Amino acid sequence: MSDFQVRGWCPDAWRPMASGDGLLVRVKPRLARLTRAQLLGLCDAALAQGNGLIDLTSRSNLQVRGVGEAGWRKLVDRLIALELVDPDAEAEKRRNLLVAPDWQPGDDTQRIAGDLLAMIDALPSLPGKMGFVIDAGPQPLLANAPGDFRIERDAGGQLILRADGRANGAPMATGDEAAALVRLAHWFVETGGASAGRMARHAAPLPDWAAGRVAPAAPAGPIAPGPHPLGTALAVPFGQLDAAALADAIVEDVAGVRITPWRTILAEGAWLDAAGLIVDPADPLLRADACVGAPACPQASVETRTLARQLAPLVSGRLHISGCAKGCARAVAADVVVTGREGRFDLAFDARAGAPPTRTGLTPDALLALFGTD
Ligand code: SF4
């Protein structure tokens with residue numbers, strides 16, 4: 001019998017999740033960074049033990065797709081050797097930490113994240129989707145990114161501890177931040193927060209030491225594709241990397257890569273020869289969302305991403321192509337929404353996936369003709 005557990009939610013490397021194309025194995029790079037050697041090793045492992053596709057997640061993690069049951073343990077061992085997975089499954093489960101991806105060596109984000117990682121064994125067991133956010137750069141970047149216990153900066157530059165769902169936070173003395181995050185996590189558990197599941201849904205009044213009156217500073221927008229002080233930001237179409245193309249594209253002088261929560265990677269110090277990655281902020285694919293579709297998702301009856309590549313240049317505004325009415329790739333409305341159903345597509349405008357359509361039963365050719373190709 002194999003020694004992995006398949007769970008339906010919050011997977012990690014030790015608890016892979018089944019999908020239509022095999023197991024999904026999540027990788028949580030420390031401080032959202034992979035060295036060049038780690039990235040090349042990950043690409044090699046994804047090709048050997050997976051189907052060569054690697055997803056980016058909204059928590060700056062990666063998912064190796066298409067892993068067979070027989071190859072899973074070998075993949076985990078390779079990821080441990082690359083120091084991308086903790087050999088202790090419990091420590092790996094607790095290591096849910098999102099950092100501002102543009103951190104610099106020696107800055108507050110790196111310092112606090114390092115302190116928290118050193119205290120990981122002191123954390124209580126938390127509901128699976130909960131996590132920590134260290135957003136201590138000069139201007140907040142992660143205000144809209146998921147996370148329950150947060151270190152942020154106020155408009156005057158002071159670091160604050162903020163419980164997600166509360167408008168304000170408590171000022172922190174330098175060096176106290178990680179211990180305060182751990183303390184807040186224990187408070188959450190001790191006050192029955194686990195039944196609420198997330199900090200934002202836990203209505204208990206905060207303790208005095210965490211109930212501040214200081215608002216976080218206004219956030220900056222996500223890092224856009226193009227030149228960046230650390231190197232180059234590259235958008236990843238649909239958040240999916242091709243391991244073979246990526247391995248070929250990593251030039252010698254790329255020291256490492258940061259994973260952002262915005263389907264973008266940040267190459268340190270040099271341009272990648274960007275195979276399939278986007279450096280032009282005006283590229284129409286940046287306005288398109290498309291889930292993995294068929295055959296990778298068993299809920300889908302249609303292919304999604306080839307159609308999205310064809311349709312995106314023809315659509316003005318936001319395009320969402322969804323394999324089914326669930327709408328995994330985009331939870332909010334898009335200007336043009338195409339939803340798969342029984343092998344054909346339904347079309348709606350200014351709507352979410354699965355909304356009442358204006359046209360039904362369309363083929364890909366019919367859709368392309370509708371938006372302007374012969
Ligand atoms: S929207 Fe439907 S088809 Fe697409 S990934 Fe989600 S469940 Fe699968």
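Residues numbered from 1 in each chain as written. Predicted model: local features only at pLDDT ≥ 70, side-chain atom pairs only at ≥ 80, totals over all residues. Heavy atoms only, no water.

Undergrad: Could you clarify how one ought to interpret the sheet that holds strand E8 (residues 149-153) in this entry?
TA: The strands that make up a sheet are held in pairs by hydrogen bonds between backbone atoms, and each pair lies either parallel or antiparallel. Spatial strand order, E6-E7-E8-E9-E10: five strands in an open sheet with mixed pairing. At either margin of the open sheet sits one strand with a lone partner, and together these are strand E6 (97-99) and strand E10 (170-171). For strand E9 (residues 159-163) and E10, the ladder comprises two bridges, and the chain directions are antiparallel. In the strand pairing of E10, Ile160 is matched with Pro171. Contacts from helix H5 (residues 177-190) reach strand E7 (132-134), E8 and E9 within the one sheet, and its direction differs from that of E8 by about 145°. (Pairing = 2+ DSSP bridges. Helix = DSSP H or I, 4+ residues; strand = E, 2+ residues; numbered from the N terminus. Contact = heavy atoms within 4.5 Å. Axes fitted to C-alpha atoms, helices over the stretch in contact; angles between N-to-C directions.)

Undergrad: Would you take a moment to explain the pairing of strand E18 (residues 334-341) for this structure?
TA: Side-chain positions along a regular strand alternate between the two faces of the sheet. Summarising burial for E18: six of the eight residues are buried, a large majority. Taken together, the seven bridges between E18 and strand E19 (residues 344-351) define a ladder with antiparallel strand orientation. By the bridge assignment for E19, Val336 is matched with Phe349. Here E18 folds back onto E19, and the loop between the two strands holds two residues, one of which, Glu342, carries a positive phi near 50°. (Buried < 20%, exposed > 50% of the residue type's maximum accessible area, 1.4 Å probe, protein only.)

Undergrad: What is the right way to look at empty space enclosed by the protein in this model?
TA: If you roll a probe as big as a water molecule over the atoms, it shows you where there is empty space left. Per the stated rule, a full pass over the model turns up one cavity of 30 Å³ or more. Taken as a whole, the largest cavity spans an internal volume of roughly 30 Å³. Lining the largest cavity, in full, are Leu34, Leu39, Leu62, Leu241, Leu246, Val257, Ile259 and Ile265. (1 Å grid on protein atoms, 1.4 Å probe; cavity = no way out; pocket = protein on both sides within 12 Å on 5 of 7 lines; lining within 4 Å. Points joined across faces, edges and corners; volume = space filled by probe spheres on them.)

Undergrad: Sorry, what's going on with the pairing of strand E12 (residues 231-235) here?
TA: For E12, a buried count of five out of five residues is recorded, marking the element as mostly surrounded by other parts of the structure. Pairing of strand E11 (residues 226-228) with E12 involves three bridges; the strand directions are antiparallel. Residue His228 lies in a different strand from E12, and its bridge partner there is Gly231. Connecting E11 to the antiparallel partner E12 that follows it, the hairpin turn spans two residues. Sheet analysis places E12 next to strand E15 (residues 264-268), joined by five bridges and oriented antiparallel. Bridge pairing links Leu234 to Ile265 in E15.

Undergrad: Help me understand the nonpolar core in this model?
TA: Nonpolar side chains tend to gather and get buried jointly when the protein is soluble and globular. Among the nonpolar cores identified, the biggest contains 34 residues, and Leu42, Leu62 and Ile265 are the most heavily contacted of them. When contributions to this core are tallied by element, the ones reaching two or more residues are strand E2 (22-27), helix H1 (36-49), strand E4 (53-56), strand E5 (62-67), helix H2 (69-81), helix H6 (243-249), strand E14 (256-259) and E15. In contact with Leu62, other than residues within four places in its own chain, are Val25, Arg26, Val27, Pro29, Leu34, Leu42, Ile54, Asp55, Leu56, Thr57, Leu241 and Ile259. Ranked by size, the runner-up nonpolar core spans 33 residues in total, among them Phe132, Ile134, Trp187 and Met199. (Core = buried A, V, L, I, M, F, W, Y, C linked by side-chain atoms within 4.5 Å.)

Undergrad: Teacher, can you tell me more about the site of the ligand here?
TA: For the ligand, the full set of nearby residues is Cys291, Cys297, Gln299, Ala300, Ser322, Gly323, Cys324, Lys326, Gly327 and Cys328. Each residue belonging to the shell around the ligand can be placed in one class, and the counts come to five nonpolar, four polar and one charged. (Near = heavy atom within 4 Å. Nonpolar A, V, L, I, M, F, W, Y, C, P; charged D, E, K, R; others polar.)

Undergrad: Hey, could you run me through the packing of H1 against H2 in this one?
TA: Each pair of packed helices can be summarised by the angle the axes make with each other and by the distance between the axes. Across the interface, H1 lies against H2 with an axial gap of 10 Å and an inter-helix angle of 175°. On the basis of their axis angle, the class for H1 and H2 is roughly antiparallel. Taking contact as the criterion, the partners of Gly41, Leu42, Asp44, Ala45, Ala48 and Gln49 in H1 are, on H2, Gly71, Lys74, Leu75, Arg78 and Leu79. Here the residues of the contact of H1 with H2 are counted per class, giving five nonpolar, three polar and three charged. (Parallel < 35°, antiparallel > 145°, perpendicular 65-115°, else oblique.)

Undergrad: I'm lost on the packing of aromatic side chains in this one. Help?
TA: In this description, a pair of aromatic rings is defined by centroid distance and the angle of the planes. This model, assessed by the stated rule, comprises three aromatic pairs. Measuring from ring centre to ring centre gives 6.4 Å for Trp14 and Trp72, while their planes differ by 80°; the resulting arrangement is edge-to-face. On the criterion of sequence distance, the pair formed by Trp14 in the segment before strand E1 (17-19) and Trp72 in helix H2 is long-range, its members being 58 residues apart. An angle of 75° between the planes, with centres 5.8 Å apart, marks the rings of Phe149 and Phe188 as edge-to-face. Separated by 39 residues along the polypeptide, Phe149 in strand E8 and Phe188 in helix H5 bring together distant segments of the chain. Exposure class is identical for Phe149 and Phe188. Each is buried. Three or more aromatic residues joined by ring pairs make a cluster, and in this case those are Phe132, Phe149 and Phe188. In this structure, Arg183 packs its charged tip against the face of Trp209, placed 4.1 Å from the ring centre. (Phe/Tyr/Trp six-rings, centres within 6.5 Å; stacked < 30°, edge-to-face > 60°. Lys NZ or Arg CZ within 6 Å of the ring centre and 35° of its normal.)

Undergrad: What should I look at first to understand helix H4 (residues 108-118) in this one?
TA: Since the α-helix packs 3.6 residues into each turn, any two residues three or four apart lie on the same face. Among all positions in H4, only Thr109, Ile112, Ala113 and Leu116 are buried. The arc that holds every buried residue of H4, seen down its axis, measures 100°, which confines them to one face. Residues of H4 that are buried sit in contact with E6, E7, E8, E9 and H5. Sitting at the head of H4, Asp107 places a side-chain oxygen 3.2 Å from the backbone nitrogen of Thr109. (Arc of directions from axis to C-beta. Polar contact = N/O pair within 3.5 Å; in protein donor to acceptor, adjacent residues only side chain to side chain.)

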